[in-house]
Amino acid sequence: MRHPFRAGAAVVALTAALAACGSPGGNEGAGSAGPSAVRTPLTAPSAGPGTATPDGSPAPHTSEPPKLPSDQLTPATGSFTRKQKDYLVDRVPRGMDPAAVLQTGQETCDRLGFLVKADRDVAVGAIVTGEIADAEPAVEHLCTQHRDLLREAGRGYADGTYRGERLRPGRYRVVSPTGNCAWRITGADGRSLASGSVTAGKRASVTVPREARAFTSTGCYAWLPEGDLG
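Below is a short write-up of the structure. (Residues numbered from 1 in each chain as written. Predicted model: local features only at pLDDT ≥ 70, side-chain atom pairs only at ≥ 80, totals over all residues. Heavy atoms only, no water.)

## Here's the deal with the overall build of the chain
Stated precisely, the cut-off is as follows: For the purposes of this entry, the term helix denotes a DSSP run of H or I that reaches at least four residues, the term strand denotes a run of E that reaches at least two, and both are numbered from the N terminus. Partly exposed describes any residue whose relative accessible area lies between the buried limit of under 20% and the exposed limit of over 50%, with all areas from a 1.4 Å probe on protein chains only and scaled to the type maximum. Contacts: residue pairs with any heavy atoms within 4.5 Å of one another. Only the protein chains shown count as cover for residues, and the accessible areas themselves come from Shrake-Rupley with a 1.4 Å probe.
Of the regular secondary structure elements, the chain holds six helices and six strands. Mapped in sequence order, the helices and strands of the chain form the string α-α-α-α-α-α-β-β-β-β-β-β. Across the 230 residues in the chain, those meeting the buried criterion constitute 42%. Here the contacts in the chain between residues at least 6 apart in sequence split such that 72% fall between residues at least 24 apart. Split by element, the accessible area of the chain, about 11600 Å² in all, is 53% carbon and sulfur.

## Points about the pairing of strand E5 (residues 205-208)
For the record, the criterion: For two strands to be treated as a pair, DSSP must find at least two bridges joining them.
The alternating pattern of E5 places Val 206 and Val 208 on a buried face and Ser 205 and Thr 207 on a face that is not buried. Here four bridges tie strand E2 (residues 170-175) to E5, and the two strands are oriented antiparallel to one another. Bridging from a neighbouring strand, Arg 171 pairs with Thr 207 of E5.

## Comments concerning unusual backbone geometry
Its identity as a non-glycine residue notwithstanding, Asp 90 has a phi of 65°, on the positive side. Structurally, the position occupied by Asp 90 is in the loop between helix H2 (82-88) and helix H3 (98-118). At Tyr 221, a residue that is not glycine, the phi angle is positive and equals roughly 75°. Turning to its location among the elements, Tyr 221 is positioned in strand E6 (residues 214-228).

## Topic: the nonpolar core
Considering soluble globular proteins, one finds that nonpolar side chains tend to be buried as a cluster. Here is the rule: Here the nonpolar core consists of buried residues drawn from Ala, Val, Leu, Ile, Met, Phe, Trp, Tyr and Cys, with membership extended through side-chain atoms lying within 4.5 Å.
Membership of the largest hydrophobic core comes to 45 residues, with the highest contact counts inside it found for Leu 88, Phe 215 and Trp 223. Excluding residues that lie within four positions of it along the chain, Trp 223 makes contacts with Gly 156, Tyr 157, Tyr 172, Arg 173, Val 174, Trp 183, Ala 204, Ser 205, Val 206, Phe 215 and Ser 217.

## Considerations on the packing of aromatic side chains
So the rule is basically this: Stacked, tilted and edge-to-face are the three classes applied to pairs of Phe, Tyr and Trp rings, where Trp contributes its six-membered ring and a pair requires centres within 6.5 Å; stacked means planes under 30 degrees apart, edge-to-face means over 60, and tilted covers the rest.
On inspection of all chains with the given rule, the structure shows four aromatic pairs. A ring pair is formed by Tyr 157 and Tyr 172, whose centres lie 5.0 Å apart and whose planes are at 55°; its orientation type is tilted. In this pair, Tyr 157 sits in strand E1 (residues 157-163) while Tyr 172 sits in strand E2, placing the two residues 15 residues apart along the sequence. Among the residues examined, Tyr 172 registers a relative accessible area of 2% and is labelled buried. Look at Tyr 157 and Phe 215: their rings are 5.5 Å apart centre to centre, the planes differ by 55°, and that puts the pair in the tilted class. Of this pair, Tyr 157 sits in strand E1 while Phe 215 sits in strand E6; the two residues are 58 residues apart in sequence, bridging distant segments of the chain. You'll find Tyr 157 and Phe 215 in the same group, each marked buried.

## Focus: the state of the cysteines
Worth spelling out the cut-off: Cysteine sulfur atoms are paired as a disulfide whenever they come within 2.5 Å of each other.
Scanning all chains against the criterion turns up two disulfides. Shown here is the disulfide that connects Cys 109 with Cys 143, its sulfur atoms set 2.1 Å apart. The disulfide joining Cys 109 to Cys 143 has a torsion of about -80° about its S-S bond and is therefore left-handed. Residue Cys 109 is found in helix H3, and its partner Cys 143 is found in the loop between helix H5 (135-141) and helix H6 (147-153); the two are separated by 34 residues along the sequence.

## Considerations on the side chain of Thr 129
Rules: Any pair of nitrogen or oxygen atoms within 3.5 Å is treated as a polar contact; in protein, a donor-acceptor pairing is required on top of that, and neighbouring residues in sequence qualify only through side-chain atoms on both sides.
Looking at where Thr 129 falls in the secondary structure, it is placed in helix H4 (residues 120-129). Take Thr 129: its relative accessible area is 2%, and that puts it in the buried class. Engagement of the side chain of Thr 129 in a polar contact is seen with the backbone oxygen of Ala 126, the distance being 3.5 Å.

## Topic: the pattern of salt bridges
As a reminder of what qualifies: Salt-bridge detection follows one rule: a side-chain nitrogen of Lys or Arg within 4 Å of a carboxyl oxygen of Asp or Glu.
What the rule picks out here adds up to eleven salt bridges. Its salt-bridge partner being Arg 147, residue Glu 140 comes within 3.2 Å of it at the nearest N-O pair. The exposure class assigned to Glu 140 is partly exposed, which follows from its relative accessible area of 32%. Exposure remark for Arg 147: the relative accessible area of 35% places this residue in the partly exposed category. Two residues, Arg 173 and Glu 152, come together in a salt bridge whose shortest N-O distance is 3.0 Å. Here Arg 173 is found in strand E2, whereas its partner Glu 152 is found in helix H6, with 21 residues between them in sequence. Arg 173 sits in the buried class, given a relative accessible area of 18%. Within the structure, one salt-bridge network assembled from shared partners comprises Asp 119, Arg 120, Asp 121, Asp 148, Glu 152, Arg 173 and Arg 203.

Given below as C-alpha cells:
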C-alpha cells in the first residue's frame, strides 16, 4: 500500500535519509573519475520537464555563463565514461570542476532510485513539479533505467493553469494532495465543465474532456496520467 503522505515532505525526508547514508554506488555510467561530494538542495517547484510555464507561456530567458569546451571535460584524476562525458557536454561552466557537475547528476539518479523504492508515484511527481531538478539529462545519460518515469512525468501536471498545447485530454490521478487541493476544468467560453476538491493524502482521479480549454489545479502537488481518451 502506498503511503498517503504529502509528496513534497516525502521527497525532502527521503532525500535527507539518502544524504545521511551517503550516495549508493553502482549507478549506470559511474566511472573512475572520483568526483568530490557536492550536496545540492531540492529546488522550488518549476514547470516540470518541459520548457513552458504552467499557463503555457514560454519560460523566461536567463543568461548563462560560458561553458567549458567538450575537449576540456577531464577530471583531475582518472577518466570519464562516454555516458558521463555526454552528460557533461554544455553543462559545465568555465572555472568549475566537471567532476562536481557529474556528482550532481549522479545524486539526481540516487534520489530517483531511492524514491521509486518508497513510492513510484511520488518519484514521478517530484519530476513533474521540479522538486528533483534537471532529471531529464541525468536520466537520459546516467540512469537510463528510469526513462519510464521521465516519459510519465512529461505527460503530468504540477499545480497551475494549463491551456492550448499543454492541455491533453485524458484521465489523471492526483499525487499526495494537501488539505487545500482544488481543481477546475473550463470550456471555450470559460464555462465550468467540472470542478472539485480532494482530501489531504487521498488518491483521486479527474477526466479532462476533449472540449476542455483550461485545467487549473491548486494545492494538489501533481497529477499523473492514467490514460488518454479513446
